[in-house]
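Working through the structure, step by step
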Amino acid sequence: PDLLNDHYYEFDTICDATQVRQDAVDELCAMHEDPEQPNLDFILVVGGFDSSNTAHLLEIPQMRGVKSYHINTADCIQADNTIQHRTVDGEVVKSEAFL
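Below you will find a few notes about this structure. The written sequence of each chain sets the order in which its residues are numbered from 1. Confidence filtering applies because this is a predicted model: local features only for residues at pLDDT of at least 70, side-chain atom pairs given and counted only at 80 or more, and all residues used for totals across whole chains, interfaces and linings. In computing side-chain values, all of the structure's heavy atoms are included and hydrogens and water are not.

**Quick notes on the environment of Cys29**
Strands here are runs of E lasting at least two residues and helices are runs of H or I lasting at least four, both read from the DSSP assignment and numbered beginning at the N terminus. Positionally, Cys29 belongs in helix α2 (residues 16-33). In this structure the C-alpha to C-alpha distance between Cys29 and Lys67, which are 38 residues apart in sequence, comes to 9.7 Å. Contact criterion: two residues are considered in contact whenever any of their non-hydrogen atoms come within 4.5 Å of each other. Every residue in contact with Cys29, bar those within four places of it in the chain, is listed here: Ile43, Ile60, Pro61, Arg64 and Val66.

Structure, rendered in structure tokens:
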């Protein structure tokens, strides 16, 4: 254990594209919190339900109190003003009057 740091190195393995997307969502959240910026109604994350990177894009606004939805196809948004979306917990639910 005394030489652990000589044999073990920990570093961030997130790819550049993922980091750029996370930074963009973070900037949107910052806009939402700034009264000088335009009002942000919600963030819509579009991507596969099985993608951990996409799931994390939903976690960012959720942790900051910004209304957000994760959908995997355009069909998740219905003409009757409902949206079928994945929650941070991984459950797929239907919300009404999302607009």
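Additional details are given in the paragraphs that follow.
**Quick notes on the nonpolar core**
Nonpolar side chains tend toward joint burial in soluble globular proteins. Here, nonpolar core means buried Ala, Val, Leu, Ile, Met, Phe, Trp, Tyr and Cys residues that are tied together by side-chain atoms lying within 4.5 Å of each other. Partly exposed describes any residue whose relative accessible area lies between the buried limit of under 20% and the exposed limit of over 50%, with all areas from a 1.4 Å probe on protein chains only and scaled to the type maximum. In terms of nonpolar packing, the biggest core is built from 8 residues, these being Val25, Cys29, Leu40, Ile43, Val45, Leu57, Ile60 and Val66. Setting aside its immediate chain neighbours within four residues, Ile43 contacts Val25, Leu28, Cys29, Pro61, Val66, Lys67, Ser68 and Tyr69.

**Thoughts on the state of the cysteines**
Criterion for a disulfide: a pair of cysteine sulfur atoms within 2.5 Å. On inspection of all chains with the given rule, the structure shows 0 disulfides. Cys15 takes part in no disulfide bond, and the closest cysteine sulfur, belonging to Cys29, lies 19 Å away.

**Concerning the packing of aromatic side chains**
Pairing of aromatic rings covers Phe, Tyr and the six-membered ring of Trp, with a centre-to-centre limit of 6.5 Å; geometry is then stacked below 30 degrees between planes, edge-to-face above 60, and tilted otherwise. The final tally for this structure, using the stated rule, is 1 aromatic pair. Aromatic side chains Phe42 and Tyr69 sit 5.6 Å apart centroid to centroid with 80° between the ring planes, which places their arrangement in the edge-to-face category. Taken together, the residues span a long stretch of sequence, with Phe42 in the loop between α2 and β1 (43-46) and Tyr69 in strand β2 (residues 68-71) at a distance of 27 residues. Relative accessible area serves as the criterion here: at 7%, Tyr69 is assigned to the buried category.

**Some words on a nonpolar patch on the surface**
Here the term patch refers to residues with relative accessible area over 30% and no salt bridge, with like charges joined within 9 Å and nonpolar side chains (Val, Leu, Ile, Met, Phe, Trp, Tyr) within 5 Å. For accessible areas, the Shrake-Rupley method is used with a probe of radius 1.4 Å. Any residue's cover is judged against the shown protein chains and nothing else. Should a side-chain nitrogen of Lys or Arg be within 4 Å of a carboxyl oxygen of Asp or Glu, the pair is scored as a salt bridge. Where nonpolar side chains cluster on the molecular surface, the patch consists of Leu44, Val46 and Ile77 and spans about 230 Å² of accessible area. Checked against the element boundaries, Ile77 lands in the loop between β2 and β3 (82-86). The class of Ile77 is partly exposed, set by a relative accessible area of 34%.

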